[in-house]
Amino acid sequence: MANFVNRRQQKLIEGSMDIDVDPCEDFYEYACGNWEEYTDGAGYQFAETLSMMDFRANQDFMDYMNRLQIWKAPRFVRKTYEFYRSCLDVGIYSPQSYLNWLLENEQLKMPSLFPAEKNEELYDWISILATMYKYGMNGIFLELTAFYPKENPSQLTIDLDKPLQAEEGLGFIPLTQKNLKDIIRSIDGVMTSGEFLQLWSDVSKFEQRLLQLKEELVDLNESEKIELKKLPLEWLEKYLRTALNQTITDSQIELYIQNVPYLRALDEYLKNHESVFIAQYLEIRFVWYMRRQRPPIFTPEGCIVPTRGHLSLAMHWIYEQQKPHIAEVVPEIQKIFENIIKTFKSHLQKNENAFNASTLQFLLSKLDKLQLKVGNLPRWNTTDILEDYYHGLNISRTDFYGNHLKLLAFHVTNRKLFYTTTNSSNYYHMEEYETAASPSPYYIHKANMVMLPSTAIQRPLYHDGHEDVYKYSSLGFLLSHEMLHAFDINGLEVDGNGKLNSTPYLDMLSNSKFKHQLQCLRQLNPLVINEKISDVSGLQYAYETFFSIHPDMGEREQKRLLHGNEMSLGKLFFLNFAQFFCGSTSSFYYVNIEEHGSDRDRVNDAVKHFPEFAKVFNCSASNRMRVNQTCNLWRR
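Source: prediction; values computed, not measured.

Calculation rules
Residues numbered from 1 in each chain as written. Predicted model: local features only at pLDDT ≥ 70, side-chain atom pairs only at ≥ 80, totals over all residues. Heavy atoms only, no water. Pairing = 2+ DSSP bridges. Helix = DSSP H or I, 4+ residues; strand = E, 2+ residues; numbered from the N terminus. 1 Å grid on protein atoms, 1.4 Å probe; cavity = no way out; pocket = protein on both sides within 12 Å on 5 of 7 lines; lining within 4 Å. Points joined across faces, edges and corners; volume = space filled by probe spheres on them. Nonpolar A, V, L, I, M, F, W, Y, C, P; charged D, E, K, R; others polar. Domains from an automatic or database assignment.

### Quick notes on the sheet that holds strand β3 (residues 224–225)
With respect to topology, four strands assemble into an open sheet ordered β1-β2-β4-β3, the strand pairing being mixed. For this open sheet the edge positions go to β1 (143–147) and β3, each flanked by a neighbour on one side alone. Direction of pairing for β3 relative to strand β4 (residues 253–257): antiparallel, over a ladder of two bridges. Paired with Glu224 across the bridge in β4 is Ile257.

### Section: empty space enclosed by the protein
This model, assessed by the stated rule, comprises three cavities of 30 Å³ or more. Estimated volume of the largest cavity: approximately 50 Å³. For the largest cavity, the full set of lining residues is His347, Leu348, Asn351, Glu352, Asn353, Phe355, Leu360, Leu363 and Trp634. Going through the elements one at a time, α15 (325–350) and α16 (357–369) are the ones with two or more residues in the lining of the largest cavity. Looking at the lining of the largest cavity, its residues break down into five nonpolar, three polar and one charged. Roughly 40 Å³ of internal volume is contained in the second largest cavity. Lining the second largest cavity are Gln9, Thr49, Pro460, Leu461, Ser474, Asn576, Gln579 and Phe580. Of the residues contributing to the lining of the second largest cavity, the split by class is three nonpolar, five polar and no charged.

### Remarks on the domain arrangement of the chain
Domain parsing of the chain yields domain 1 (1–45 + 332–375 + 439–582 + 590–635), domain 2 (67–93 + 294–322 + 377–429) and domain 3 (95–291). Here domain 1 and domain 3 have C-alpha centroids that lie 41 Å from each other.

Next up, the structure:
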C-alpha cells in the first residue's frame, strides 16, 4: 500500500510539471504548469488543490446525507440533516422571506421599500439595527465586539468602535448601483425607474458621507474603559441591550469605546435623516448581507456548504465518523508538528537578532505553550457535549429562511464564548463561516493553537503511507506556516496565554535586524505581510526539520526519476511543496487571493527567499528565483 500511494504522489508531481519552463525563472509554472490538464475536474469542479480537497469532502458529506438513517442518528445530526433538507427544498430564492420572518418573530416595525405615498411614520431604527446585529450584521454605523475573555469567562467584554476598514471582504463597503438594483429586483414590490434612481441617489449620498466620517475622524487615543452612564450617545445603551439580548449593568460587563469623535459626528448626521429612510436603508443592507450569506445554488453540493459553515461541530463529527482512520494518524501528525517546533526553538535560542532577555523569554514561552489541535471537536464525551451544545437550536425541515436566521443568531451568541481547557484534547470553538467550510489549517490567537481540520487529512496533503519527504513538504509546511502566524506581526502582540502584551512587541519592532527583515518582506507585498512571513519561514523550517531527522547526506542525494531525469530529495521536497498551491488559470470558480496573495507569488517568493532552493536547483545569480538579498523574519 505504501509503495502504491508514494508512486501515485510522484505521478501527481510529474503530471503537474511543465518541464519546458526553467525552474530558476518561474518555479510555480515549472511545478504546476500542467496541473489543470492532468487533474480530473480542475477548472470546472474546483479551482486548485485546496478546493479539490473541499470538493471531495463535500462528496463524502452528500453520500452520508443520502445514506443517513435519521432515526438512528444523534439529535444534533438530525438537526443538521433537517437544515440540509430545508435548503434543498428551496425553489426560487426569496430574500423577502427573511424580512417577513423578522417582522413575525422579532415584532419589528419596518417600512416597505415600495411606499405608494410618502411615509411619515416614526420607526425605531435603533432597535432595527440592534436586532440585525443579533443575526450577524455588523459594521454599518458602528462595530460592536462582545466576548467572554479566557481569563474571566463570567464577565462580558464589550468594545464599541467605528466600522472596520474595508479589506479582505470585511468592513464597511458601500453598495454599488448594480448591488442596489439586484436587491430591489429580489424582493416583493414594484418600483419605477425614476423611483429607483431617486433611491440610488439617496443611498449613495448617505453612504459616501458615512465613509467620509469614518475616514476623516481618526481618534489616536487607545480604547477607553467607560461606564454605561457615560456613553457619549443617548441611544447606545438601548442598542447594546437589544443587540446583546440581555440586561447589562456595569458589574456584569467591561465596556470599552474607541473613536468617540466619529460616534458623535455619526449621531449628528443621523439626526438629519427621517427615521423611515434610516429604517429602509437598514432593510436594504440586511437583504444584501443575507444575499452574501446564502448558498451559491440550492443543489446538494450548494446546500452542503452552508451546512458545514453553520453547523460546523456537527459536520466535523459526521466527517470523522466516516473516516475512523483519522484518529489513528493523529499521533504521527502531532510528532511532525513537535519536530518543527523543536527546529524553530533551536533557532530562537541562538537569539541571532540579539533580543533582550525578557523579549527572548516571551518568544520561547509562547512557543512552548503553542499546541496543535487535529479536528475541531472535544475528545472526551464528544456526543454528549455536542448534544448539549445544540440543545436549544430548533430546526424545521420546511423553513429554510427561519433556519438560516436561527443559525446566524446561534453563531453570534456562541462566538462570544471561550471554551477554556488546559490542553488541546478537549478544546473546541465556534468557527467563522468560511473557516468552518474549508480544509485549510488556521491559527487561533486567543488559544495559541494551530487548528488542523479533519477534512485536511487526505491526499495529496497527507497519507499515512507517504514517505517523510511528502509529509514534511506538504502537511509539514502548512503546520510550519501556521506556527509562524503565532510570530507574525499580529501574533507577536499576543502572548502564549492569548493576552495582549505590547512591551515585547514594541521591543522587537525597535530591533534593527528584525526591523530590516520586516521591511524587506513588506516590499514583496505589503497587503499580505503576515502571509509572507509565514510562507518564507514556514518553508525553511519544514525543509530543515525533514533533513534534520534524515541527517545522512546520502539520504539527501537519493534520486527519483521524473520525466526521465533524476531528481534529488531536495528537488522533490520543493516540487511537492508547490503541489498545495497548484491551480487552474482558466477556472470557472473565482479564487479569492486578497487574504494571502496569488498562489504563483506565494510559491515563487517562498523559494527565492530560501537560499537552499537556488543551491538545490543550481540557479545562477542572473536567474529570477535567486535574489541577492533574501528576506526572512526568522532567519536561521
